[in-house]
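Structural features, examined
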Amino acid sequence: MNILITGVSGFIGRTLATALSAAGHQIKPVCRSEGVDFKQMLSVEHWLPRLKDVDAVINCVGIIGERGTQRFAVLHTQAPSALFHACAQAGVRRVLQISALGADESAFSAYHLSKRSADDCLRSLDLDWFVLRPSLIYGPGGKSAELFMRLATLPWIPVIGDGQQALQPVHISDVVLTVMKSLTSPEAKQTLDIVGPDTIAFAEWLQTMRAAHGLSRTRIAHIPLWIAMAAAYVGRYFNPMLQPENLRMLQRGYWADFTPLARFLGRLPHTATAALFFSQSEPTRRAS
Ligand SMILES: NC(=O)c1ccc[n+]([C@@H]2O[C@H](COP(=O)([O-])OP(=O)(O)OC[C@H]3O[C@@H](n4cnc5c(N)ncnc54)[C@H](OP(=O)(O)O)[C@@H]3O)[C@@H](O)[C@H]2O)c1
């Protein structure tokens, strides 16, 4: 297949491009270093020339915080919606949208709401679409995974409040397999949550990451929510991930029923093991 991947320089896009190339597909890369800025791709006409001879589109563009001219409405909603309409016009039927867990009816953050608007646009079109909503993804190269890894290796692990926020992190190889299956599955027009099989508290997740580094368990520093929010308010100027809204999303947790994903994949998603933190590929022995 000729597959146009947007966000191909990012964690998910890059990993998908590598896996899909290895599987014999041709990749048409889209990102700013390839000369395509989503801020200038806001109409169907902007996209049509790029869709010639394309069999499938995977949209992996996203930001975790707004900065300068990088705005949620433009990057998460307007440009992808124009792309999806262009696909409908050009006859590119297979369209995969990498959304995010929580971009549903319970969404409250600008991040999730802007993702959901694009998801709704895609779902409204007569295409063979998949809206894929990953939980926190772990594996080498992910920005959030690397931030959590750094926190996990501190002498004391800082968590918000009691640190009991419920997470179902998912390994990047499960995201890759879901995308691979979505490219050819006859069961299109699906919204799938991509979550791991185990629910784990945030503090315990960081201890697990710490163990993956060969470090023993350490003490937890419980930071009251209001102090964490104040720190994020200042910290967002230094790291776009440190947004007060991102802390509120973490407070809500990242969990969902994993059985629809397991049914779609024909196997359980992976349980976290130390080796998986440093590998992008499927383990040879499955922990299911
Ligand atoms: N990683 C996770 O744990 C996770 C979990 C759930 C959902 N997601 C969602 O999945 C998507 C991809 O995540 P990721 O971890 O791969 O993010 P990432 O590593 O930060 O990559 C983001 C991609 O978006 C592109 N991009 C940003 N601004 C752009 C612009 N103005 N024009 C064109 N491209 C632009 C970047 O390309 P440039 O080289 O041009 O900057 C990069 O390729 C995001 O929407 C994210 O919200 C991620």
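The shown structure was predicted, so the numbers you read here are calculated from the model rather than taken from an experiment. (Residues numbered from 1 in each chain as written. Predicted model: local features only at pLDDT ≥ 70, side-chain atom pairs only at ≥ 80, totals over all residues. Heavy atoms only, no water.)

1. Overview of the overall build of the protein
Within the protein one finds ten helices and twelve strands. What you see for the protein is a C-alpha radius of gyration of 19 Å, in line with the 19 Å of a compact globule of 288 residues. Within the protein, buried positions represent 52% of all 288 residues. Of all intrachain contacts in the protein linking residues separated by at least 6 positions in sequence, the fraction that spans at least 24 positions is 77%. For the protein, the centre of its 28 positive side-chain charges and the centre of its 22 negative side-chain charges are spaced 5 Å apart. (Helix = DSSP H or I, 4+ residues; strand = E, 2+ residues; numbered from the N terminus. Rg over C-alpha atoms; globule rule 2.2 N^0.38 Å. Buried < 20%, exposed > 50% of the residue type's maximum accessible area, 1.4 Å probe, protein only. Contact = heavy atoms within 4.5 Å. Lys, Arg positive; Asp, Glu negative; His and termini not counted. Charge placed at Lys NZ, Arg CZ, Asp CG, Glu CD.)

2. Some details on the UniProt feature "domain: NAD-dependent epimerase/dehydratase" (unreviewed entry) in the protein
In the numbering adopted here, UniProt assigns the feature "domain: NAD-dependent epimerase/dehydratase" (unreviewed entry) to residues 3-190. Helix and strand shares over residues 3-190 are 38% and 19% respectively, and the end C-alpha atoms of the span are 19 Å apart. (UniProt positions renumbered as here; feature names shortened; annotations may be inferred.)

3. Structural notes on the pattern of salt bridges
Here the structure, examined in full by the defined rule, presents eleven salt bridges. With its nearest N and O atoms 3.4 Å apart, the salt bridge here joins Arg93 to Asp128. On the criterion of sequence distance, the pair formed by Arg93 in the loop between α3 (72-90) and β4 (94-98) and Asp128 in strand β5 (residues 128-134) is long-range, its members being 35 residues apart. For Asp128, a relative accessible area of 21% translates into the label partly exposed. When salt bridges that share partners are traced, they join Arg93, Arg94, Asp126, Asp128 and Lys189 into one network. (Salt bridge = Lys/Arg side-chain N within 4 Å of Asp/Glu carboxyl O.)

4. Some details on the sheet that holds strand β1 (residues 2-6)
Taken together, six strands build an open sheet; the order of strands is β2-β1-β3-β4-β5-β10 and the sheet is parallel. In this open sheet, the two strands that pair with only one neighbour each are β2 (26-30) and β10 (190-194). With direction set aside, neighbouring strand axes in the sheet form an average angle of 15°. Strand contacts of helix α1 (residues 11-22): β1, β2, β3 (56-59) and β4, with the helix running at about 165° to β1, the strand carrying the most contacts. (Pairing = 2+ DSSP bridges. Axes fitted to C-alpha atoms, helices over the stretch in contact; angles between N-to-C directions.)

5. Some remarks on the site of the ligand
Surrounding the ligand, one finds 28 residues, the nearest of these being Ser9, Arg32, Tyr111, Lys115 and Lys143. One of the backbone nitrogen or oxygen atoms of Gly62 is found 3.5 Å away from an oxygen atom of the ligand. Between Gln70 and the ligand, the recorded distance is 2.9 Å, taken from a side-chain N or O atom to a nitrogen atom. If you list the elements that add at least two residues to the shell around the ligand, you get α1, α4 (110-123) and α5 (143-152). When grouped by side-chain class, the residues that make up the shell around the ligand number 15 nonpolar, eight polar and five charged. (Near = heavy atom within 4 Å. Polar contact = N/O pair within 3.5 Å; in protein donor to acceptor, adjacent residues only side chain to side chain. Nonpolar A, V, L, I, M, F, W, Y, C, P; charged D, E, K, R; others polar.)

6. Details of the packing of α3 against α4
Put simply, α3 and α4 touch, their axes get as near as 8 Å, and they point 10° apart. Judged on the interaxial angle alone, α4 and α3 are roughly parallel. Residues Phe72, His76, Thr77, Pro80, Ser81, Phe84 and His85 of α3 touch α4, and the partners they reach there are Ala110, Tyr111, Ser114, Lys115, Ser117, Ala118, Cys121 and Leu122. Taken together, the residues that form the contact of α3 with α4 break down as eight nonpolar, six polar and one charged. (Parallel < 35°, antiparallel > 145°, perpendicular 65-115°, else oblique.)

7. Points about the side chain of Asn239
For Asn239, the location among the structural elements is in the loop between α8 (225-235) and α9 (244-252). Apart from the residues within four sequence positions on either side, Asn239 is in contact with Arg67, Leu147 and Arg150.

8. What about the nonpolar core?
Counting residues in hydrophobic clusters, the biggest one holds 60 residues, and the most contacted among them are Trp47, Leu51, Val57, Phe84, Cys87, Leu167 and Met209. Of all hydrophobic cores here, the second largest spans 29 residues; its members include Ile12, Leu96, Leu132 and Leu265. (Core = buried A, V, L, I, M, F, W, Y, C linked by side-chain atoms within 4.5 Å.)

9. With respect to the state of the cysteines
Under the criterion given, the structure shown has zero disulfides. Here Cys60 stays free of any disulfide, with the sulfur of Cys31 as its closest cysteine sulfur at 11 Å. The thiol of Cys121 is unpaired, and the distance to the nearest cysteine sulfur, on Cys87, comes to 10 Å. A relative accessible area of 12% places Cys121 in the buried class. (Disulfide = S-S within 2.5 Å.)

10. Points about the environment of Met241
Position of Met241 relative to the elements: it lies in the loop between α8 and α9. Note on Met241: relative accessible area 17%, which makes it buried. Residues Met241 and Phe278 lie 37 residues apart in sequence; the distance between their C-alpha atoms is 22 Å. Excluding anything up to four places from it in sequence, Met241 contacts Ile64, Lys143, Ser144, Leu147 and Asn246.

11. Points about the pairing of β5
Here β5 lies mainly inside the structure; six of its seven residues are buried. Across five bridges, β4 lies against β5 in parallel orientation. Its bridge partner being in β5, Leu96 is matched across the sheet by Phe130. Here β5 pairs with β10 via five bridges, running parallel. For Phe130, the partnering residue across the bridge sits in β10 and is Gln190.

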